[in-house]
Every structure is written in structure tokens, then in C-alpha cells.
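Topology and contacts: notes
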Amino acid sequence: MSSPAVEGWFTTGTDPALIGSRCTSCGTVFFPRAADWCRNPACDGTEFEDAELSRRGRVWSYTDAQYQPPAPYIPRTDPYEPFALAAVELEEGPGAGMVVLGQVADGFGVDDLKVGAEVELVVETLYTDETGERTIWRWRPVEGGAA
Ligand SMILES: [Zn+2]
């Protein structure tokens, strides 16, 4: 059995997607899921519906996590191995788009990333506990997606 490590943040299956909220008044989409109020300052909407976000985006920035994050981070390896984090810009969101942070998919590192390169959302196992695998979204570089 596998299930998301965080409930309600993404869908699973063959084409997983992040779940955001869309304001029913102005159509602005947010992630993480909102909200009691619309983040568009020009809108006073208070009703939201779930919206699946684009499965692909472009690398806006990235970093190498050289130090083990504090609890509740669960180390996957002992000793700790650095992993790459990518901030990915999706076309949704207020104005110029929204940026969603995520780990880079297994087998990829900062050397595989480039600002502006296309990445795709994948769901991978974060850790395994007594009830099964816990999954999280990651960003995987798209073949030939370099800017
Ligand atoms: Zn709104």
C-alpha cells in the first residue's frame, strides 16, 4: 500500500498533479490549497474549488541541500546525502505565475537542472513505515527540456 505523506496536496496515479484552490469569483489559483480569502488583492471572493495544477513547469531556481534539515525531516540515507531542491514556476497563479518548491526526482541532482528548463511532476516514495509507503511529489527534468 502507498499513500501520500501529506493528505490533500496532490493526486496520485499515472498523471499525478498538485491540488490547488481556484477562487470562484476571479479564477485565481493558489497553492498550497487555501484559503479563507482570495489572495488577489482586487478580489473579495471567499469561495474556492479544487484545481489540479499543471504537471509541468520551468525551473525558477534550485539549490543543493548540503545540510540535513531539522526534524521532522526524515533522513533517507545515513550518513546524510545532499539532495537537490527545485523551485518551479507554473503558469497558474496571480500575475506571473506561482512557484512551487519540491525535491528533485530520485537519480537527479543539481547538475541536471538549469534555470528555465522544463520539469515534470512525479510522485515518489518519501519513506516507508509500518502501514506502507508514503509518497511525495518531486520534480523530474524533462528530456530535452533545457532552455
Ligand atoms: Zn478571487
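That block above? That's the structure.
Keep in mind the model is a prediction, meaning the values are calculated, not measured.

All told, the structure shown has five aromatic pairs when counted by the stated rule. In this structure an aromatic cluster arises from ring pairing among Trp-9, Phe-10, Phe-31 and Trp-137.

Turning to its location among the elements, Thr-131 is positioned in the loop between strand 8 (118-129) and strand 9 (132-141). Classification of Thr-131 as partly exposed rests on a relative accessible area of 47%. Thr-131 sits 130 residues away from Met-1 along the chain, and the two C-alpha atoms are 7.4 Å apart. Of note is the side chain of Thr-131, whose polar atom sits 2.8 Å from the side chain of Asp-129. Among the polar contacts listed, one links the side chain of Thr-131 to the side chain of Arg-134, at a separation of 2.4 Å.

The subject of this paragraph is the side chain of Thr-11. With respect to the element layout, Thr-11 can be found in the loop between strand 1 (2-4) and strand 2 (19-23). Residue Thr-11 is classed as buried on the basis of its relative accessible area of 18%. Setting aside residues up to four positions removed in sequence, Thr-11 forms contacts with Pro-16, Ala-17, Ile-19, Glu-52 and Val-123.

For the rest of this paragraph, the subject is the coordination of the zinc ion. In this structure, Cys-23 (SG), Cys-26 (SG), Cys-38 (SG) and Cys-43 (SG) serve as the protein donors to the zinc ion, at separations of 2.2 to 2.3 Å. Taken together, the four donor atoms surrounding the zinc ion define angles of 106 to 113° at the centre, an arrangement classified as tetrahedral. Residue Cys-26 is classed as partly exposed on the basis of its relative accessible area of 33%.

Within the structure shown, the criterion is met by ten salt bridges. Of the charged contacts in the structure, one is a salt bridge between Arg-33 and Asp-50, with a shortest N-O distance of 2.8 Å. Taken together, the positions of Arg-33 in the loop between strand 3 (29-30) and strand 4 (48-52) and Asp-50 in strand 4 put the pair 17 residues apart, joining distant regions of the chain. Residue Arg-33 is classed as partly exposed on the basis of its relative accessible area of 36%. For Arg-56, the salt bridge is made with Glu-118, and the minimal N-O distance between the two is 3.6 Å. Linking Arg-56 in strand 5 (residues 56-65) with Glu-118 in strand 8, this pair joins segments that are 62 residues apart in sequence. You can call Glu-118 partly exposed: its relative accessible area is 21%. Via salt bridges that share partners, Asp-15, Arg-55, Arg-56, Glu-118, Glu-120 and Arg-140 belong to a single interconnected network.

Thresholds, definitions, all that
- Residues numbered from 1 in each chain as written.
- Predicted model: local features only at pLDDT ≥ 70, side-chain atom pairs only at ≥ 80, totals over all residues.
- Heavy atoms only, no water.
- Phe/Tyr/Trp six-rings, centres within 6.5 Å; stacked < 30°, edge-to-face > 60°.
- Helix = DSSP H or I, 4+ residues; strand = E, 2+ residues; numbered from the N terminus.
- Buried < 20%, exposed > 50% of the residue type's maximum accessible area, 1.4 Å probe, protein only.
- Polar contact = N/O pair within 3.5 Å; in protein donor to acceptor, adjacent residues only side chain to side chain.
- Contact = heavy atoms within 4.5 Å.
- Donors = N, O, S within 2.8 Å, 3.2 Å for Na, K, Ca; no water.
- Tetrahedral: all angles 85-135°; square planar, octahedral: opposite > 155°, others 65-115°.
- Salt bridge = Lys/Arg side-chain N within 4 Å of Asp/Glu carboxyl O.

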